[in-house]
Amino acid sequence: TIGRYFYAPAYDPIRRVKVDDVKVVRTGAVENLVNSFTIIGDVAGVTATNCEAVGGLGGMVMHWGVDQIGTYGDAITTRTFHPNDITVENFKVSDTVQGWAVFISACYNVTVNGLTVDNVELAVSLQAGDVGNTYSVAAEKDLVNTGIHVDGVHGTVVNPTTAQTSAITVRGSGNYNG
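From a predicted model like this one, the values you see are computed outputs, not experimental measurements.

Rules behind the numbers
- Residues numbered from 1 in each chain as written.
- Predicted model: local features only at pLDDT ≥ 70, side-chain atom pairs only at ≥ 80, totals over all residues.
- Heavy atoms only, no water.
- Phe/Tyr/Trp six-rings, centres within 6.5 Å; stacked < 30°, edge-to-face > 60°.
- Helix = DSSP H or I, 4+ residues; strand = E, 2+ residues; numbered from the N terminus.
- Buried < 20%, exposed > 50% of the residue type's maximum accessible area, 1.4 Å probe, protein only.
- Contact = heavy atoms within 4.5 Å.
- Pairing = 2+ DSSP bridges.
- Core = buried A, V, L, I, M, F, W, Y, C linked by side-chain atoms within 4.5 Å.
- Polar contact = N/O pair within 3.5 Å; in protein donor to acceptor, adjacent residues only side chain to side chain.

Colleague: Just checking my understanding: could you explain the packing of aromatic side chains for this structure?
Modeller: For any two aromatic rings, the description comes down to two numbers: the centre-to-centre distance and the angle of the planes. Throughout the structure, instances matching the rule amount to 3 aromatic pairs. Both rings, one in Y5 and one in W64, keep their centres 5.6 Å apart while their planes meet at 55°; by these two values the pair is tilted. Here the residue Y5 occupies a position in the loop between β1 (2-3) and β2 (6-7), and W64 occupies one in the loop between β8 (58-63) and β9 (65-69), the gap between them amounting to 59 residues. A relative accessible area of 4% places W64 in the buried class. An angle of 45° between the planes, with centres 5.5 Å apart, marks the rings of W100 and F103 as tilted. The exposure class assigned to W100 is buried, which follows from its relative accessible area of 9%.

Dropping the structure here:
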């Protein structure tokens, strides 16, 4: 995991991370599985090249993070942070439990080039995020869900057992203030 979901008022952002030639194999009971690769919150400048995910809930998740006051359920969101400037090249994903290879939620400037899938239900899912850009910091407000490029997706997508109907999905608007 690169980054985190919950942020304190003062923290150090994560910048310029390179991940090369990493293979993650996840097996075991479904309730014990997690995503193979996670990029979350205030993270920028990540390059992942020639990596592979086998099993697990999903291959790679890129997801926004939050600064909240209070406890879960009663928390007040004060601001959100969105992974950006991410490049994923030559990524292989197979046999995921949740059925997706790459899940992108409320990020920006993301390139996925060369995705090979086998026995997954969904190759790429682009989601607006639960709150889109509602609580984005000012510098990111108009950037959330922009600059997303996907090229070179190949492989076998199995018949979905969930509500997913396509190999690549885009859902939501992501701009809740405009």
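Colleague: Mind showing me how you'd approach the environment of A123 here?
Modeller: Tracing the backbone through its elements, the reader meets A123 in strand β14 (residues 122-127). Separated by 46 residues in the primary sequence, A123 and T169 have C-alpha atoms spaced 8.5 Å apart. If we skip the residues at most four places from it in the chain, A123 touches A101, V102, L115, V117, V153 and A167.

Colleague: Teacher, can you tell me more about the pairing of β8 here?
Modeller: A regular strand places its side chains on the two faces of the sheet in alternate fashion. With 6 of its 6 residues buried, β8 lies for the most part within the structure. Two elements, strand β5 (residues 37-40) and β8, share 4 bridges in a ladder whose sense is parallel. Looking at β8, one finds that F37 is bridged to M60. Both β8 and strand β12 (residues 100-105) contribute to a ladder of 5 bridges, which runs parallel. Within β12, the residue paired with M60 across the bridge is V102.

Colleague: Sorry, what's going on with the environment of N109 here?
Modeller: Looking at where N109 falls in the secondary structure, it is placed in strand β13 (residues 108-120). C-alpha of N109 to C-alpha of D85: the two residues are 24 residues apart in sequence and 4.8 Å apart in space. Leave out the neighbours within four places in its chain, and N109 touches N84, D85, I86, T146, G147 and I148.

Colleague: Help me understand the environment of F91, please; the structure alone is not making it clear to me.
Modeller: Relative to the helices and strands, F91 resides in strand β11 (residues 84-94). Note: C-alpha distance between F91 and T49 (42 residues apart in sequence) is 6.9 Å. Among residues more than four places away in sequence, those in contact with F91 are F37, C51, E52, A53, G59, M60, A101, V102, G114, L115 and T116.

Colleague: When you look at the nonpolar core in this model, what are you seeing that I'm missing?
Modeller: Counting 28 residues, the largest nonpolar core has M62, F91, V102, I104 and L115 as the members making the most contacts within it. Mapped onto this core, the elements with two or more residues apiece are β5, β6 (43-49), β8, β11, β12, β13 and β14. With 5 residues, the top contributor of residues to this core is β13. Discounting residues that sit within four places of it in the chain, V102 has contacts with M60, M62, F91, V112, L115, A123, V124 and S125.

Colleague: Explain the side chain of T80 here, please?
Modeller: Relative to the elements of secondary structure, T80 occurs in strand β10 (residues 76-81). At 2.9 Å, the side chain of T80 forms a polar contact with the side chain of H82.

Colleague: It is not clear to me how the sheet that holds β14 should be interpreted in this structure. Could you clarify?
Modeller: Hydrogen bonds between backbone groups are what pair the strands of a sheet, and the pairing can be parallel or antiparallel. Pairing in this open sheet of 6 strands is parallel, and the strands run β1-β5-β8-β12-β14-β16 from one edge to the other. A strand with exactly one partner marks an edge of an open sheet, and here the two such strands are β1 and β16 (168-171). As paired elements, β1 and β5 share 2 bridges and run parallel to each other. Bridge assignment links I2 to a residue of β5, and that residue is I39.

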